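What follows is each chain in one-letter form.
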Amino acid sequence: MKRILVIIVALLALGVGAVAQEGYVPTPENLAARERFAADRFGVFIHWGLYAQPGRGEWVMQQQNIDYREYARLANSFYPSKFDARAWVRAIKAGGARYITITSRHHDGFSLFRSAATPYNAVDGTPFGRDILGELAEACREEGIRLHFYYSHVDWGRTDYWPRGRSGLGTGRPDGKEGDWQHYLDFINRQLTELLTQYGPIGAIWFDGVWDHDAEPREAQPAIWNLYGQYALIHRLQPGCLVGNNHHLDPFPGEDIQIFEKDVPGENEAGFSGTAGVSRLPLETCQTMNHSWGYNITDRAYKSADELIRYLARTASKGANLLLNIGPRPDGTLPEEALARLEEMGKWLQINGESIYGTQAGCIPEQPWGVTTQKGNVLYLHLFKPQPELTLELPGKLKSAVLLAEGTTVSFKQKKGTVTLTIPDPAASTADQVVALTLR
Ligand code: H79
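Residues numbered from 1 in each chain as written. Predicted model: local features only at pLDDT ≥ 70, side-chain atom pairs only at ≥ 80, totals over all residues. Heavy atoms only, no water.

Asks: Please explain the nonpolar core as it appears in this structure.
Replies: Membership of the largest hydrophobic core comes to 95 residues, with the highest contact counts inside it found for Ile46 and Ile205. The element that contributes the greatest number of residues to this core is helix H7 (residues 181-197), accounting for eight residues. With 18 residues, the next largest nonpolar core counts Ile364, Leu394, Val410 and Val419 among its residues. (Core = buried A, V, L, I, M, F, W, Y, C linked by side-chain atoms within 4.5 Å. Buried < 20%, exposed > 50% of the residue type's maximum accessible area, 1.4 Å probe, protein only. Helix = DSSP H or I, 4+ residues; strand = E, 2+ residues; numbered from the N terminus.)

In C-alpha cells:
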C-alpha cells in the first residue's frame, strides 16, 4: 500500500498544478474575502444527502458496512417534498448566521448538485430532479447571505478511489486493479469547476477527508490529493473564494482559513486537532447542535440555546468563527429543535451582535466568569453566570461601562490598573450578559 502511494505521489509531483500554490500569495480580493469572513463570525453548516433517509447520520454507510450499490438505491427514493430553500435561508438568516456551508458531496459520494461528472447527483439520479445547491444559491443571493461548499475528498462508493484509505472498507469497493487515482483526481477537478461556475460567487470551499490517508505523513498529503492543483484551480476560477481543509493538520500553502472540528481553537477538546497549532489565518470551529452532523432520527441530545450562545461567544473570544450544524430531515425540513435554537440565537444576536460580529479575540483570556471580545477601544465582557461585582485588570483607563442589552450604565471604581464593576441587574440574560467597556 505504502509503495503504491509513493509512486502516485512521485507521479503527481511531476504534474504542473501540483506546485502552483507553493509560495502562495493571496490576491487582494482574497484578502478582502478573508476579512469579510472573519467579521461574519457565525455560519450554519448543513449536512444533507441520501443518508438523511436512514436517519443515522452521514457515516451510516461506513458504520453499517452498506454495499455502495445498495446504498445508491437511496437515490431512487430521494424526494424531499417539503424542501424550500428560501425557508431554510430565512430561518438561518433570522438566526443571525451570515453564511451557509452545505455538503455538496459527502463521503458517500452522492452529489447534491447538477453534475456532468457523474449521474449520481440530485438532478440526474433522483426522482426529485432538482438542483438543491442551485435553489439554495438563488435563495442566498436573494436574502444576501453567503454560500460555502463542503466537498469530500473521500469517496466510499467510487471504484476509482484506490488505494482505499482508512474508512469505508466495508462498502464493497474492490480493493484491486480497477482503481484509477488520477481519474478520481480529475473527477474532483471537474466537480470543483462546476461548483465554482454554476452558482455565482462562492464564499469558500471546505474540504474534508485528507485524514483517510493519514497513514502517510503530512508532507505527502498535498501530492496524494493534488491539493495545490485544486487550490490553484479554485483561486483561478474565483480569486475571492476561500480554501479551507478539515485535515486536522497545520495549514498548507493555498489555504485561506484554518478549520477546527468540534474544537475551540487551541483546546483540542474532541482530540482531532492533535498536531495542529493555531495559525494566523482566519479560524473556524465547526460544531454540532446535538451529537450528529447528518440527520439522526434518535439523537435528542441537543445542546440548549444558552449553551450554544456561550459557545459562539467562546469561539469569538478566540478570534474564531462558529459554523453550527443542522442536519435536515429526509422530507427537506429543518428539525424543530434546530429551528428553536436558531431563533433563540437570533434574538440574542439581535441585541448583542455588536459583541460578536466584526470583533477580535479579547485581550483578557477565558476567566471563571466568562470570556472577552473586542473591537477598537471597546472591550466586551461576556458574563456566563450572575456576577454582581467584578474586579479586572484592564490594558487602559476605563471611560464608560454599559450593559449592552439594556443600555444601562454600569458603575465602577478605578484604581491603578484595576477596576471594580457593579453590575446593576446581574444575569438579566441567563445565556451571556454582555458588558461593553469603552477604554480611553
Ligand atoms: O462531515 C462531518 C463528518 O462526517 C466528518 N467531518 C465532519 C465535519 C468527519 N467525521 N469524522 N471525522 C470527520 C473525523 C475522522 C476520524 C478519523 Fe478515522 C479517526 C479518521 C481517522 C481516525 C475513522 C477511524 C476513520 C478512520 C479511522
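Picking up where we left off.
Asks: When you look at helix H6 (residues 132-143) in this model, what are you seeing that I'm missing?
Replies: Residues spaced three or four apart along an α-helix face the same direction, because each turn holds 3.6 residues. With twelve residues, H6 extends 16 Å between its outermost C-alpha atoms, agreeing within 8% with the 16 Å of an ideal straight helix rising 1.5 Å per residue. What H6 keeps buried is the set Ile132, Leu133, Gly134, Leu136, Ala137, Ala139, Cys140 and Glu143. Tucked into the core, H6 has its buried residues touching helix H5 (85-94), strand S2 (99-105), strand S3 (146-152) and H7. At the N-terminal boundary of H6, the capping side chain belongs to Asp131, with an oxygen 3.2 Å from the backbone nitrogen of Leu133. Residue Gly144 follows H6 closely and has a positive phi angle near 70°. (Expected span 1.5 Å × (residues − 1). Contact = heavy atoms within 4.5 Å. Polar contact = N/O pair within 3.5 Å; in protein donor to acceptor, adjacent residues only side chain to side chain.)

Asks: Quick question: what am I supposed to make of the sheet that holds strand S7 (residues 283-288) here?
Replies: The pairing of strands in a sheet comes from backbone hydrogen bonds and takes either a parallel or an antiparallel form. In space, the eight strands of this open sheet follow the order S5-S4-S3-S2-S1-S8-S7-S6, with parallel pairing throughout. At either margin of the open sheet sits one strand with a lone partner, and together these are strand S5 (242-245) and strand S6 (258-261). In this sheet, neighbouring strand axes are inclined to one another by 25° on average, regardless of whether the strands run parallel or antiparallel. The strands touched by helix H9 (residues 227-237) are strand S4 (204-208) and S5; relative to S5, the strand with the most contacts, the crossing angle is about 150°. Packing against the sheet, helix H10 (residues 305-317) makes contact with strand S1 (42-46), S7 and strand S8 (320-326), and its axis sits at approximately 150° to S8. (Pairing = 2+ DSSP bridges. Axes fitted to C-alpha atoms, helices over the stretch in contact; angles between N-to-C directions.)

Asks: How do you make sense of the environment of Ser317 when you look at a structure like this?
Replies: You can see Ser317 is positioned in helix H10. Not counting residues up to four positions away in its chain, the partners in contact with Ser317 are Ala361, Gly362, Val371, Thr372 and Thr373.

Asks: What is the right way to read the packing of H10 against helix H11 (residues 336-352) from this model?
Replies: In a pair of packed helices, the angle between the axes and the distance between the axes together describe the arrangement. Where H10 meets H11, the axes come as close as 9 Å, and the angle between the chain directions of the two elements is 50°. Here H10 lies oblique to H11, going by the angle between them. Considering how the two elements wind past one another, H10 and H11 form a crossing that is right-handed. Contacts between H10 and H11 involve Ala305, Leu308, Ile309 and Leu312 from the former and Arg341, Glu344, Met345, Trp348 and Leu349 from the latter. Looking at the contact of H10 with H11 residue by residue, the classes come out as seven nonpolar, no polar and two charged. (Parallel < 35°, antiparallel > 145°, perpendicular 65-115°, else oblique. Left-handed = near helix turned anticlockwise from the far one by under 90°. Nonpolar A, V, L, I, M, F, W, Y, C, P; charged D, E, K, R; others polar.)

Asks: Is there a simple way to explain the sheet that holds strand S16 (residues 433-439) in this structure?
Replies: On the basis of which strands lie adjacent, the open sheet formed by five strands has the order S9-S10-S11-S16-S13 and antiparallel pairing. At either end of the open sheet lies a strand with only one pairing partner, and these are strand S9 (360-361) and strand S13 (398-403). The strands that H10 touches are S9, strand S10 (370-375) and strand S11 (378-383); relative to S10, the one it contacts most, it runs at about 55°.

Asks: Mind showing me how you'd approach the pattern of salt bridges here?
Replies: Opposite charge on two side chains allows them to pair when their charged atoms are near. Overall, the coordinates contain 18 salt bridges when judged by the stated rule. Two residues, Arg90 and Glu143, come together in a salt bridge whose shortest N-O distance is 3.0 Å. Here Arg90, found in helix H5, pairs with Glu143, found in helix H6; they are 53 residues apart in sequence, far enough to count as distant. For Arg90, a relative accessible area of 49% gives the class partly exposed. (Salt bridge = Lys/Arg side-chain N within 4 Å of Asp/Glu carboxyl O.)

Asks: I'm lost on the site of the ligand in this one. Help?
Replies: Around the ligand, the surrounding shell holds 16 residues, and the nearest of these are His47, Glu58, Trp59, His106 and Asp208. Between the ligand and His106, the relevant distance is 2.8 Å, taken from an oxygen atom to a side-chain nitrogen or oxygen of the residue. (Near = heavy atom within 4 Å.)

Asks: Would you take a moment to explain the pairing of S1 for this structure?
Replies: Along any regular strand, the residues point their side chains to alternate faces of the sheet. The buried fraction of S1 amounts to five of the five residues, a majority that puts the element mostly inside the structure. Because side chains alternate across S1, one face comprises the buried residues Phe42, Val44 and Ile46, and the other comprises Gly43 and Phe45, equally buried. Relative to S2, S1 runs parallel, the two being bridged by four bridges. Considered in S2, the bridge of Val44 is made with Ile100.

Asks: What should I look at first to understand the environment of Pro282 in this one?
Replies: Here Pro282 lies in the loop between S6 and S7. Residues Pro282 and Gly244 lie 38 residues apart in sequence; the distance between their C-alpha atoms is 9.9 Å. Those residues in contact with Pro282 that sit more than four places away from it in its chain are Arg34, Phe37, Ala38, Asp256, Ile257 and Gln258.

Asks: Looking at this structure, I do not really get the packing of aromatic side chains. What am I missing?
Replies: Counted under the stated rule, the structure contains 24 aromatic pairs. Relative to Trp206, the ring of Phe45 lies with its centre 4.9 Å away and its plane at 55°, an arrangement referred to as tilted. Within this pair, whereas Phe45 is found in strand S1, its partner Trp206 is found in strand S4, the two being separated by 161 residues in sequence. What makes Trp206 buried here is its relative accessible area of 1%. The interplanar angle of 35° and the centroid separation of 6.0 Å between the aromatic rings of Phe207 and Tyr231 together place this pair among those described as tilted. Here Phe207 is found in strand S4, whereas its partner Tyr231 is found in helix H9, with 24 residues between them in sequence. For the pair shown, Phe207 and Tyr231 are each scored as buried. A cation sits over an aromatic face here: Arg98 above Tyr357, 3.5 Å from the ring centre. One residue, Arg158, lies across the ring of Phe187, its end atom 3.7 Å from the ring centre. (Phe/Tyr/Trp six-rings, centres within 6.5 Å; stacked < 30°, edge-to-face > 60°. Lys NZ or Arg CZ within 6 Å of the ring centre and 35° of its normal.)

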